[in-house]
Amino acid sequence: MSTASSTGETELKHSVEMFKKYRNLLQELTRKNIRLKYRNSWLGIFWSFLQPLLNMTVLSIVFGGLFGKHSEYIICYPVFLFTGRLLYDFFNTATKQAMTSFRRNAAIIKKVYVPKYMYPLSSIFSCFVTFAISILCYITVWIFFKLTGISGGANLTVNWHVILFFVPMLLILIFSTGVGLILSVLCVYFRDIEYIWDVFTRLLFYMVPILYPIQNINKDGDRNWIIYVIKLNPLYSMIELFRQSVLYGIDLSWKLLLYASVVSLATLGVGILIFNWKSDDIIYHL
């Protein structure tokens, strides 16, 4: 028992030392991913600001008349839509980038030894930087609708709860890291995972209350099961927590917070276990 415990502590200490040793490389890989994303683009990283704004505008025009009018559960539909879309876009992009990170860096992996988790981690962190920049876009949009009063923007308020916005951001970063580690390994062995995940995330966009409030779903009859399926999705909890802090200005639901925290940490733990189990064999399948 003591031997196993000692071995585990030794492995953990070694992992921490290796991470410290290569942390500068992680920063450089993250910067490289950001630069490559906007390479040969006239606007460059400004697209991190402009793209979510354009997406919000298009979706608001298309779905605003269907979900945004005469709903007591929505405060300013464009801002409501933006809050959900921000977190979903980060999860979607981060997991897809992590999933293909080994294939994109196969030439380097075969020639130079680097802890292999650096590649999916750098992909996720670069997406998180873009996500953080998009928050500036959200603030701009919030101020615009508040000042103009368009689409019920006059009802937008801000209080001290807004400082809790980092909680769901941290949770979705942890959750995305766990999912990304799992997908990065699976994609090496099963290339079809990339296409399956693309279809799944498209379905996920409509199954999570991004375009509509969950209260709009009829709770009577055979639709009641849909609500339970949506609430089981950790993304729902994280998006709702984000809206509670920045949109509704209310206390974070401890039930949603507990569920999202447990699922995020559990997913990260599973991702680390699977990655450590198969990381040494990855090079033989690239």
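This text follows the structure it describes.
Everything quoted here is computed from the prediction, not taken from an experiment.

A. Fine view of the overall build of the protein chain. Helices and strands together make up the secondary structure of the protein chain, namely twelve helices and zero strands. Each helix and strand of the protein chain, placed in order from N terminus to C terminus, yields the pattern α-α-α-α-α-α-α-α-α-α-α-α. A burial count over the protein chain gives 46% of its 286 residues as buried. Residue pairs in contact within the protein chain that sit at least 24 positions apart in sequence constitute 75% of those at least 6 positions apart. Counting every atom, the protein chain has about 15,700 Å² of accessible surface; 65% of that belongs to carbon and sulfur.

B. Just the pattern of salt bridges, in detail. As enumerated under the stated definition, the model contains five salt bridges in all. The salt bridge partner of Asp89 is Arg85, with a shortest N-O separation of 2.7 Å. Note that Asp89 and Arg85 are positioned in helix 4 (residues 77–99) at a spacing of four residues, about one turn of the helix. Per residue, the accessibility class of Asp89 equals that of Arg85, and both read buried.

C. Region of interest: the packing of helix 4 against helix 11 (residues 234–248). Their axes nearest at 10 Å, the elements helix 4 and helix 11 cross at an angle of 140 degrees. As far as their axial angle goes, helix 11 and helix 4 are oblique. As for the relative orientation of helix 4 and helix 11, their crossing is right-handed in sense. Contact with helix 4, carried on its side by Val79, Phe80, Thr83, Gly84, Leu87 and Phe91, involves Leu235, Met238, Ile239, Phe242, Arg243, Val246, Leu247 and Tyr248 of helix 11 and no other residues of that element.

D. The arrangement of helix 12 (residues 254–278) in detail. The terminal C-alpha atoms of helix 12 lie 36 Å apart, and with 25 residues this matches the ideal 36 Å at 1.5 Å per residue to within 8%. Buried within helix 12 we find Leu256, Ala260, Val263, Ser264, Thr267, Gly271 and Phe275. On the buried face of helix 12, the contacting elements are helix 5 (101–104), helix 7 (118–148), helix 8 (166–189) and helix 11.

E. Here's a closer look at unusual backbone geometry. In this structure, Cys76 is a non-glycine residue whose phi angle is positive, near 60 degrees. Turning to its location among the elements, Cys76 is positioned in the loop between helix 3 (47–68) and helix 4. Cys76 gets classed as buried once you look at its relative accessible area, which sits at 3%.

F. Looking closely at the layout of surface pockets. Approximately 490 Å³ is the volume found for the second largest pocket. What lines the second largest pocket is a set of 22 residues, among which Gln51, Arg85, Asp89, Asn92 and Thr93 lie closest to the centre. Within the residue set of the lining of the second largest pocket, elements represented by two or more residues are helix 3, helix 4, helix 7 and helix 9 (193–207). Considering every element that reaches the lining of the second largest pocket, the biggest residue donor is helix 4, with eight residues. Within the lining of the second largest pocket, the residues separate by chemical class into eight nonpolar, eight polar and six charged.

G. Highlighting the packing of aromatic side chains. Enumeration according to the criterion identifies 13 aromatic pairs in this entry. Aromatic pair Phe90 and Phe131: ring centres 5.1 Å apart, planes at 15 degrees, arrangement stacked. Of this pair, Phe90 sits in helix 4 while Phe131 is found in helix 7, placing the two residues 41 residues apart along the sequence. Both residues of the pair, Phe90 and Phe131, count as buried. Centre to centre, the rings of Phe205 and Tyr206 are 5.1 Å apart; their planes meet at 85 degrees, and the pair counts as edge-to-face. Through a chain of ring-to-ring contacts, three or more aromatic side chains come together here, namely Phe91, Phe175, Trp197 and Phe200. Taking NZ or CZ as reference, Arg243 lies 3.7 Å from the ring centre of Phe80, over its face. If you follow Lys278 out to its NZ or CZ, it ends over the ring of Trp277, 4.6 Å from the centre.

Each value, and the rule that gives it
- Residues numbered from 1 in each chain as written.
- Predicted model: local features only at pLDDT ≥ 70, side-chain atom pairs only at ≥ 80, totals over all residues.
- Heavy atoms only, no water.
- Helix = DSSP H or I, 4+ residues; strand = E, 2+ residues; numbered from the N terminus.
- Buried < 20%, exposed > 50% of the residue type's maximum accessible area, 1.4 Å probe, protein only.
- Contact = heavy atoms within 4.5 Å.
- Areas by Shrake-Rupley, 256 points an atom, 1.4 Å probe, with all protein chains shown as cover.
- Salt bridge = Lys/Arg side-chain N within 4 Å of Asp/Glu carboxyl O.
- Axes fitted to C-alpha atoms, helices over the stretch in contact; angles between N-to-C directions.
- Parallel < 35°, antiparallel > 145°, perpendicular 65-115°, else oblique.
- Left-handed = near helix turned anticlockwise from the far one by under 90°.
- Expected span 1.5 Å × (residues − 1).
- 1 Å grid on protein atoms, 1.4 Å probe; cavity = no way out; pocket = protein on both sides within 12 Å on 5 of 7 lines; lining within 4 Å.
- Points joined across faces, edges and corners; volume = space filled by probe spheres on them.
- Nonpolar A, V, L, I, M, F, W, Y, C, P; charged D, E, K, R; others polar.
- Phe/Tyr/Trp six-rings, centres within 6.5 Å; stacked < 30°, edge-to-face > 60°.
- Lys NZ or Arg CZ within 6 Å of the ring centre and 35° of its normal.

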